[in-house]
Structures are given as C-alpha cells and as structure tokens.
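# Commentary on secondary and tertiary structure
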Amino acid sequence: MTTPSAAPDARPDVLAVATPMALIAPRLAEHFNLHANDAATLAAVAPRIRGIWASGESKVSAELIAQLPALQVIAVMGVGYDGVDVAAAKARGVVVTHTPDVLNDDVADLAIGLMLSAARQLPAADRLVRAGDWPKGPMPLARKLSGARLGLVGMGRIGQAIAQRALGFGMSIAYTARSAKPALPFAYQPSAEALAAVSDFLVVITPGGAGTRRLIDAKVLAALGSGSPQKGILVNVARGSVVDEAALIDALEQGVIAGAGLDVFENEPHVPERLRALPQVVLSPHIGSATRQTRQAMADLAFDNLQRLLHGQAARTPVPECR
Ligand code: 8YV
C-alpha cells in the first residue's frame, strides 16, 4: 500500500477492499498504485481510483461505487461476487470480474472431505486418540459414505465437480437448481425440500445473494432429517447466507438431522458458540479454495482481469451479468 504522494505515478490507482494475499501483493504493487480502503485515504484519492481489488467475501456497495467517478473495473479474487452491487456497477459501465473454474477442484475436494469427516467423525476420532482415551474403549460406530444418496443444491461447475468425485464413492446423485440440466445423468428435484427428502447427504454449492438467502430453512432441514432412518447430514461449501443458521443449530441440537460439515457461516469469522459446542459438527474456516496452487491461480486470473481492463483489453472472466 502507498499513501498519496505528490510525485507523478504512471501506475493506475486501485483500491484494495480486501488485503491482497502475500502471493500476489508484490505483483499488484509493481503494476498498480494500491490504496487501502479507509476514509482518510478515500477522501484523498477517490477521484483517481480506476480499479477495485476484492475477495469473494468483500462488500462493494453502490455507495462506494458512487464515490469513485473514474472506476472501470471491480476485480474479485473469488468465484462468488454476492457482496458486489453488480447492478450499480453495470449502471456506471464498470465491469465486474471473478475467478471461476480455477477453484472447482479444491472446493469439490473439500466438500467430499467434509462429508467424510462428518460421516466418519474424523475430528472426534482425532480428539479421542490425542486425549489418550483410546484404551478406555472404541469410538461409537460411524456411518458409511460409499453408496449413500447425495443431494446437491446447485449443479454449476463446482456442483458437477463434486458429483464426479461422488460417483467414485458409488453415491447416487440428485440435485436441485434453477432449472433441470437434461444433459446431466443425475435426477432433478424441483426444490431443496424435495431434494432433502431423498438425500442422506445434502451439499450446498449454490451462489449466495438475495436469490438464495436462507434457502436451507427449518422445512428443508426437517425433510433431510426424515428422509432416512439414519437422518441426513448437511454440508455447506457455498455461502453462510444460504443456510438459516439459527434453524440449523436448532435442528442439530434437537437431533432433527444427524450432523453437519460447514466451511461457511452467516457472520464470518464469527461462529456461534452453540454451533461450536456440537460434537457432531465439523467446522472449517472458509478454506474451500485455500490451497497455495489454487489461490495463486485465482490471484493471477484476478490480476489479469484488472490489468487487461485498465489497459483497454477485454476481461478474461467477467461475471455473467457483464458479458
Ligand atoms: C475465498 C470464495 O474465500 O471464491 C469464492 O467465492 O469464497 C473463496 O474462494 C476468497 O474469495 C479468496 O479471496
């Protein structure tokens, strides 16, 4: 980051609404005049800002966009851009870009990992061995993942990557999405509730935002709980906003569903104490794409988008609304 200076600087001015990761920070600083997103800096540099650097969790509001008359591009290092007011950006001719595809493998891998961890109770098993409790007796029996019924809420690029992996576990696969995808060999269900009723594992991998807010509510959780004698397990690798967290905690506490594997939460990085207290829940801190390889690929793609748009070229991966 640099503070505003009187010396002329040929690098385009870019506002970092997310702190750039170490793996891209030097490259960004070499090519752009990066500014921190605080009131004092904004007051000084707002008219010069041509680009915004954001993460998948960043908020870029209509108010912020309105303060930046020279803004041309909002480059999100993430596939999800539900925090960006795309309509406000579009209305101003600002292009929003994101980083699809390069993270499909990682997020799908984590979804399988969370399903396995929750089904086989891996964190509890690890705790038992570490605590020296193994001599006292065996773990309670867990449940089998292979051959179980997987319901995917969302069948986009990452949903399909999860399905491919789940086939290797002999799982039967069904999904719900805005519309059926007849080209895919998986059963379509018209709603999350209908899907939950025929699933042992319900995996949420749909975009966040107003359209999916609290889609997984008490009714869906009740259906997941009643669909099989073993009761279902919920996995969320999408956005915390898609699940009604209070309803989820109630369902877990009351034994309505068997367990959960959660990578995302309503109020990150804060996770309710009641959720943290539940042993049948496996929790991770939004690490779906958090491998060195994938974060590098995401950062490079976001950088390219920013660089290209600020030099009069087309973006590699604009969000669908800006294509
Ligand atoms: C990251 C994500 O948390 O891609 C997304 O939508 O949520 C994540 O991969 C983040 O955007 C990394 O900057």
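Residues numbered from 1 in each chain as written. Predicted model: local features only at pLDDT ≥ 70, side-chain atom pairs only at ≥ 80, totals over all residues. Heavy atoms only, no water.

The full count for this structure, using the stated rule, is 15 salt bridges. Salt-bridge contacts for Asp 82 lead to Arg 239; the nearest nitrogen and oxygen are separated by 3.0 Å. Pair noted here: Asp 82 is in the loop between strand 4 (73–77) and helix 4 (86–91) and Arg 239 is in the loop between strand 10 (233–236) and helix 10 (245–253), with a separation of 157 residues, a long-range link. Under the relative-accessibility criterion, Asp 82 is labelled partly exposed at 33%. A salt bridge links Arg 165 to Asp 109; the nearest nitrogen and oxygen atoms lie 2.7 Å apart. (Salt bridge = Lys/Arg side-chain N within 4 Å of Asp/Glu carboxyl O. Helix = DSSP H or I, 4+ residues; strand = E, 2+ residues; numbered from the N terminus. Buried < 20%, exposed > 50% of the residue type's maximum accessible area, 1.4 Å probe, protein only.)

Around the ligand sit 13 residues, and of these Gly 56, Val 79, Arg 239, His 286 and Ser 289 come closest. Gly 80 has a polar backbone atom sitting 2.8 Å from an oxygen atom of the ligand. For the ligand, whose free accessible area comes to 330 Å², the fraction covered by protein is 92%. (Near = heavy atom within 4 Å. Polar contact = N/O pair within 3.5 Å; in protein donor to acceptor, adjacent residues only side chain to side chain. Areas by Shrake-Rupley, 256 points an atom, 1.4 Å probe, with all protein chains shown as cover.)

Under the domain assignment used here, the protein chain contains domain 1 (13–101 + 293–322) and domain 2 (104–283). Relative to domain 2, the C-alpha centre of domain 1 lies at a distance of 32 Å. Opposite the nine residues of domain 1 that make contact, domain 2 presents eight residues. Across the domain 1/domain 2 interface, buried area totals approximately 630 Å², and carbon plus sulfur atoms make up 39% of it. Summed over the three residues of domain 1 that lose the most area to domain 2, namely Asp 82, Asp 101 and Thr 294, the buried surface amounts to 65% of that side. At the boundary of domain 1 and domain 2, one finds four residue pairs in polar contact (both at pLDDT 80 or more). Among the residues making up the side of domain 1 that touches domain 2, the classes are represented as two nonpolar, four polar and three charged. (Domains from an automatic or database assignment. Contact = heavy atoms within 4.5 Å. Buried area = accessible area lost by both parts, 1.4 Å probe. Nonpolar A, V, L, I, M, F, W, Y, C, P; charged D, E, K, R; others polar.)

Let us now look at the sheet that holds strand 4. The strand order across the open sheet formed by five strands is 2-1-3-4-5, and the pairing between neighbours is parallel. The open sheet has two edge strands with one neighbour each: strand 2 (33–36) and strand 5 (95–97). On average, each strand axis in the sheet is tilted by 25° relative to the strand beside it, whichever way the strands run. Sitting on the sheet, helix 12 (residues 292–310) touches strand 1 (13–16), strand 3 (49–55), strand 4 and strand 5, and the angle it makes with strand 4 is about 175°. (Pairing = 2+ DSSP bridges. Axes fitted to C-alpha atoms, helices over the stretch in contact; angles between N-to-C directions.)

Further remarks concern helix 9 (residues 218–226). Listed as buried for helix 9 are Val 220, Leu 221, Ala 223, Leu 224 and Gly 225. Of the surrounding secondary structure, the elements contacted by the buried residues of helix 9 are helix 8 (192–196), strand 9 (201–204), strand 10 and helix 10.

Let us look at the side chain of Asn 104. As for its position among the elements, Asn 104 is in helix 5 (residues 104–120). Overall, Asn 104 belongs to the buried group, its relative accessible area being 12%. Look past the residues within four positions of Asn 104 in its chain and what remains in contact with it is Arg 157, Ile 158 and Ala 161.

Another aspect to go through is the packing of aromatic side chains. Counted according to the given criterion, the structure contains two aromatic pairs. For Arg 27, the ring lying beneath its charged end belongs to Phe 303, and the centroid distance is 3.9 Å. One residue, Arg 143, lies across the ring of Phe 201, its end atom 5.6 Å from the ring centre. (Phe/Tyr/Trp six-rings, centres within 6.5 Å; stacked < 30°, edge-to-face > 60°. Lys NZ or Arg CZ within 6 Å of the ring centre and 35° of its normal.)

The residue after Glu 268, namely Pro 269, is reached through a cis peptide bond having omega 5°. Structurally, the position occupied by Pro 269 is in the loop between strand 11 (259–262) and helix 11 (273–276). The residue Arg 214 is not glycine, and still its phi comes out positive at about 55°.

Let us now look at the sheet that holds strand 6 (residues 149–153). Taken in spatial order, the seven strands line up as 8-7-6-9-10-11-12 in an open sheet, and their pairing is parallel. Only two strands of the sheet have a single partner each, and these edge strands are strand 8 (187–188) and strand 12 (281–283). Alignment of strand 7 (residues 172–176) against strand 8, held across two bridges, turns out to be parallel. Its bridge partner being in strand 8, Tyr 175 is matched across the sheet by Tyr 188. This element, helix 7 (residues 157–168), spans strand 6, strand 7 and strand 9 of the sheet and lies at about 175° to strand 6.

What follows deals with the packing of helix 5 against helix 7. Viewed as axis vectors pointing N to C, helix 5 and helix 7 meet at an angle of 50°, and their least axial separation amounts to 8 Å. Comparing their axes, helix 7 and helix 5 come out oblique. Our pair here, helix 5 against helix 7, has a crossing hand that is right-handed. Listed contacts from helix 7 to Asn 104, Asp 105, Val 107, Ala 108, Asp 109, Ala 111 and Ile 112 of helix 5 are Arg 157, Ile 158, Ala 161, Ile 162, Arg 165 and Ala 166. In terms of residue class, the contact of helix 5 with helix 7 is made up of eight nonpolar, one polar and four charged. (Parallel < 35°, antiparallel > 145°, perpendicular 65-115°, else oblique. Left-handed = near helix turned anticlockwise from the far one by under 90°.)

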